[in-house]
Amino acid sequence: MGSGGPAAAHDRNAIRAAVADAHRREWAFVLAATARVTRDLDAAEECVQDAYVAALDAWARQGVPRNPGAWLTTAARHRALDTLRRDRTLRAKLPLLIEEQSEPDAFADGAPAIGDDRLRLIFTCCHPALAREAQVALTLRLVCGLSTGEIAKAFLVSESTMAARVTRAKKKISAARIAYRVPAAAELPDRLDAVLTVVHLVFTTGHTAPGGPDLVRADLVDRAIELARILRKLMPDEREIAGLLGLLLVTDARRATRTDAYGNMLLLEQQDRSLWDKGRIAEGSALVIESLRGGRPGRFALQAAIAAVHAEAASYAETDWPQLLVLYDRLLNIWPSPVVELNRAVVVAMVSGPQAALDDIAKIEADGRLDGYHYLPAAKADLLRRLGRVGEARSAYLAALKLTDNPAERGFLSRRVAEVSVADGR
Amino acid sequence: MAQYAILIYEAESGYASGGEDAWQTAMESHGRFAGQVGEKGGKILGGDALEPTSTATSIRNDVVTDGPFVETKEALGGFYLIEARDLDHAIEIAKLCPAPFGGVEVRPIMDTSGG
């Protein structure tokens, strides 16, 4: 490939796109393999960054390699070995703890890293000795390759706050000797649950963004789905992973219909079901069936099953509400959470009427665990509105409005306040 | 192997109101704990129980005052210095450490050898 000439600019764009694509697809793979050599997450990150920069030049000269991930891994590991040889002080005093027998060829140049390295990285980022917000930040930084600035923006904190959070977490991994490994079978269920919780949190943050002009932050939603896909590929026998991926796909299938052309939020019953992503629903539903098979299903499998019942209903009215009630009861059984109780109450309204649901919500409200959770007054307001108790509905909508900053949700609640105010003769 | 401190924080009132029995039971548990650490592949390098905070004297900027540095419901009442493979191993050991009136905190020992 020659430089200059009219084709050069086009080539450069194509190369840049190929590198960006490899950044998205291969970052975790390359970083996880490089961390083995550097035994230090910071140093690994630097070497991987350098490898991506080097790729821009090298791929322009030699063409894009058939396996970009392997090329980048080799480049990053070479860089790591060079740096280690040149600068002995870089050998961290507290090297990342890697089990010795796990990869005999760790220092063999160009040796393909085993897929498990990405799992090691993910489990290290989501170690329970790290705070949840640090787990999320580290996962997005190290596994997804997001910049600190991008993560800060997604979670509405300043870049310096996020940088400090990431630095503190990395320092704890090294100082407290958190091992770079996949947990043993005995601890796996708990540790995997923490990983899945982090992925789910990334998804929900994107699905209903805490701020910014849009209801959905597509980048975070897509990252979460990619993470779930990686986990699914690496641990195909874990049914809760199938459940989580199914949940994310089926939920996200409705993305295009959750707001109208003006960005106003639409409820499930107002959405145009013909626009739901059939491919995602089918893929997700198949995963749900798999996740429910063989033994007691976990909380992600059951949530996915609930989402699938909604997704497969021809219309809101034709939804299989009794089936949903059964699923919610099973979910509550293994995961007694007030949020689940609240969602169950919405189903109770469809099966036994709004008054029964209001009674359930009154109990949830009384125990105080959902204080400050805007979906509680919003659900209550909706039930009161349906019972014609518009005055009470209005105060409940106003209470919900006070508790959310998402503009699409605020718009929706404000419109409801206006509607019930008219009905109330205000 | 790495070194960790297991710091035992407990409500002193637990032992005060539980009397000799509570103390005796706790001492027996600590005796068993010492054996369990070895079975888990760790090692106890040291440790002791502390007299209650009512016996503490604090010194800040040469000013000597009666009492602990910070008044808390659960006070540092004892510690172990242990050796473990990594944090997971240390946590596994610390979970066995008796603290009937509170809990324990695991802290890595800083390597100050400068090598």
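Source: prediction; values computed, not measured. (Residues numbered from 1 in each chain as written. Chains lettered and ligands numbered in written order. Predicted model: local features only at pLDDT ≥ 70, side-chain atom pairs only at ≥ 80, totals over all residues. Heavy atoms only, no water.)

Chemist: For this particular structure, what's the right way to read the packing of helix α16 (residues 375–386) of chain A against helix α17 (residues 390–402) of chain A?
Modeler: A pair of packed helices is characterised by two quantities: the angle between their axes and the separation of those axes. All names here are of chain A. One can describe the packing of α16 onto α17 by two numbers: an axis separation of 8 Å at closest approach and a directional angle of 160°. By the angle between their directions, the pair α16 and α17 is classed as roughly antiparallel. Note that α16 runs across α17; the crossing there is left-handed. Between α16, through Pro377, Ala378, Ala381, Asp382, Leu384 and Arg385, and α17, the contact on the second element is made entirely by Glu392, Ala393, Ala396, Tyr397, Ala399 and Ala400. Class assignment for the residues of the contact of α16 with α17 results in nine nonpolar, no polar and three charged. (Axes fitted to C-alpha atoms, helices over the stretch in contact; angles between N-to-C directions. Helix = DSSP H or I, 4+ residues; strand = E, 2+ residues; numbered from the N terminus. Parallel < 35°, antiparallel > 145°, perpendicular 65-115°, else oblique. Left-handed = near helix turned anticlockwise from the far one by under 90°. Contact = heavy atoms within 4.5 Å. Nonpolar A, V, L, I, M, F, W, Y, C, P; charged D, E, K, R; others polar.)

Chemist: Which parts of the structure should I look at to understand the pattern of salt bridges?
Modeler: Between side chains of opposite charge, a pair can form when the charged atoms approach closely. Residue and element names in this part refer to chain A. In the structure shown here, the tally under the stated rule is 31 salt bridges over all chains. Notably, a salt bridge pairs Arg255 with Asp222, separated by 2.9 Å at the nearest N-O pair. Taken together, the residues Arg255 in the loop between α10 (239–252) and α11 (278–292) and Asp222 in helix α9 (residues 218–234) connect sequence positions 33 residues apart. For Arg255, a relative accessible area of 25% corresponds to the partly exposed category. (Salt bridge = Lys/Arg side-chain N within 4 Å of Asp/Glu carboxyl O. Buried < 20%, exposed > 50% of the residue type's maximum accessible area, 1.4 Å probe, protein only.)

Chemist: I keep staring at the side chain of B:Glu10 and nothing clicks. Help me out?
Modeler: Residue and element names in this part refer to chain B. Structurally, Glu10 can be placed in strand β1 (residues 2–11). One buried charge, Glu10, has no salt-bridge partner; the nearest side chain with opposite charge is Lys73, at 12 Å. Among the polar contacts made by the side chain of Glu10, one reaches the main-chain amide nitrogen of Phe101 at a distance of 2.9 Å. Discounting chain neighbours no more than four positions away, the residues touching Glu10 are Tyr15, Lys73, Glu74, Ala75, Ala99, Pro100, Phe101 and Gly102. (Lys, Arg positive; Asp, Glu negative; His and termini not counted. Polar contact = N/O pair within 3.5 Å; in protein donor to acceptor, adjacent residues only side chain to side chain.)

Chemist: I keep staring at the packing of aromatic side chains and nothing clicks. Help me out?
Modeler: The geometry of an aromatic ring pair comes down to the distance between the two centres and the angle between the two planes. The full count for this structure, using the stated rule, is seven aromatic pairs over all chains. Look at A:Tyr373 and A:Tyr375: their rings are 5.4 Å apart centre to centre, the planes differ by 65°, and that puts the pair in the edge-to-face class. The partly exposed category is assigned to A:Tyr373, whose relative accessible area is 27%. Three or more aromatic residues link up through ring pairs in this structure, and these residues are B:Tyr15, B:Trp23 and B:Phe101. When the ring centre of A:Trp276 is taken as origin, the NZ or CZ atom of A:Arg254, which lies over that ring, is 6.0 Å away. In this structure, A:Arg299 is placed above the aromatic ring of A:Trp335, and the distance from its NZ or CZ to the ring centre is 4.7 Å. (Phe/Tyr/Trp six-rings, centres within 6.5 Å; stacked < 30°, edge-to-face > 60°. Lys NZ or Arg CZ within 6 Å of the ring centre and 35° of its normal.)

Chemist: Where do I start with the sheet that holds strand β5 (residues 74–84) of chain B in this structure?
Modeler: Residues and elements named next belong to chain B. The strand order β2-β5-β1-β6 describes an open sheet built from four strands, whose pairing is antiparallel. Two strands lie at the open edges of the sheet, namely β2 (43–49) and β6 (102–108), each paired on one side alone. Recorded for the sheet is a direction-independent mean angle of 20° between the axes of neighbouring strands. Pairing of β1 with β5 involves 10 bridges; the strand directions are antiparallel. (Pairing = 2+ DSSP bridges.)

Chemist: Before we go on, may I ask you to explain the environment of A:Asp219 in this structure?
Modeler: Residue and element names in this part refer to chain A. Following the sequence through the fold, Asp219 ends up in helix α9. With relative accessibility at 38%, the residue Asp219 sits in the partly exposed group. As a C-alpha pair, Asp219 and Val339 span 120 residues in sequence and 26 Å in three-dimensional space.

Chemist: Mind showing me how you'd approach the interface of chain B and chain A here?
Modeler: Accessible area lost upon the coming together of the parts is a frequently used measure of interface size. Taken residue by residue, the interface counts 11 residues in chain B and 12 residues in chain A. Both faces considered, chain B and chain A share a buried interface measuring about 870 Å² in area, 51% of it formed by carbon and sulfur atoms. Looking at the side of chain B facing chain A, the largest losses of area belong to B:Asp86, B:Leu87 and B:Asp88, adding up to 52% of the total buried there. Counting across the chain B and chain A interface gives three salt bridges. B:Asp88 serves as the salt-bridge partner of A:Arg191, at 3.8 Å between the closest nitrogen and oxygen. For the side of chain B that touches chain A, the elements supplying multiple residues, two or more each, are β1 and α2 (87–94) of chain B. It is α2(B) that provides the largest number of residues to the side of chain B that touches chain A, a total of three residues. In terms of residue class, the side of chain B that touches chain A is made up of five nonpolar, two polar and four charged. (Buried area = accessible area lost by both parts, 1.4 Å probe.)

Chemist: I would appreciate a short explanation of the nonpolar core in the present structure.
Modeler: For soluble globular proteins, the rule of thumb is that nonpolar side chains tend to be buried together. Residue and element names in this part refer to chain A. One finds Trp59 and Leu121 to be the most contacted residues of the largest nonpolar core, which totals 142 residues. The element contributing the most residues to this core is helix α1 (residues 6–38), with 10 residues. Ignoring anything within four residues of it in the chain, the contact list for Trp59 reads Ile15, Ala18, Val19, Ala22, Val64, Pro65, Pro68, Trp71 and Leu72. Formed by five residues, the second largest nonpolar core is a distinct cluster that contains Val37, Cys47, Ala80 and Leu81. (Core = buried A, V, L, I, M, F, W, Y, C linked by side-chain atoms within 4.5 Å.)

Chemist: Quick question: what am I supposed to make of unusual backbone geometry here?
Modeler: The phi torsion at A:Arg39 lies on the positive side, around 55°, for a residue other than glycine. Looking at where A:Arg39 falls in the secondary structure, it is placed in the loop between α1 and α2 (41–62). With a phi close to 50°, B:Asn61 is a non-glycine residue in the positive phi region. Relative to the helices and strands, B:Asn61 resides in the loop between β3 (57–60) and β4 (63–66).

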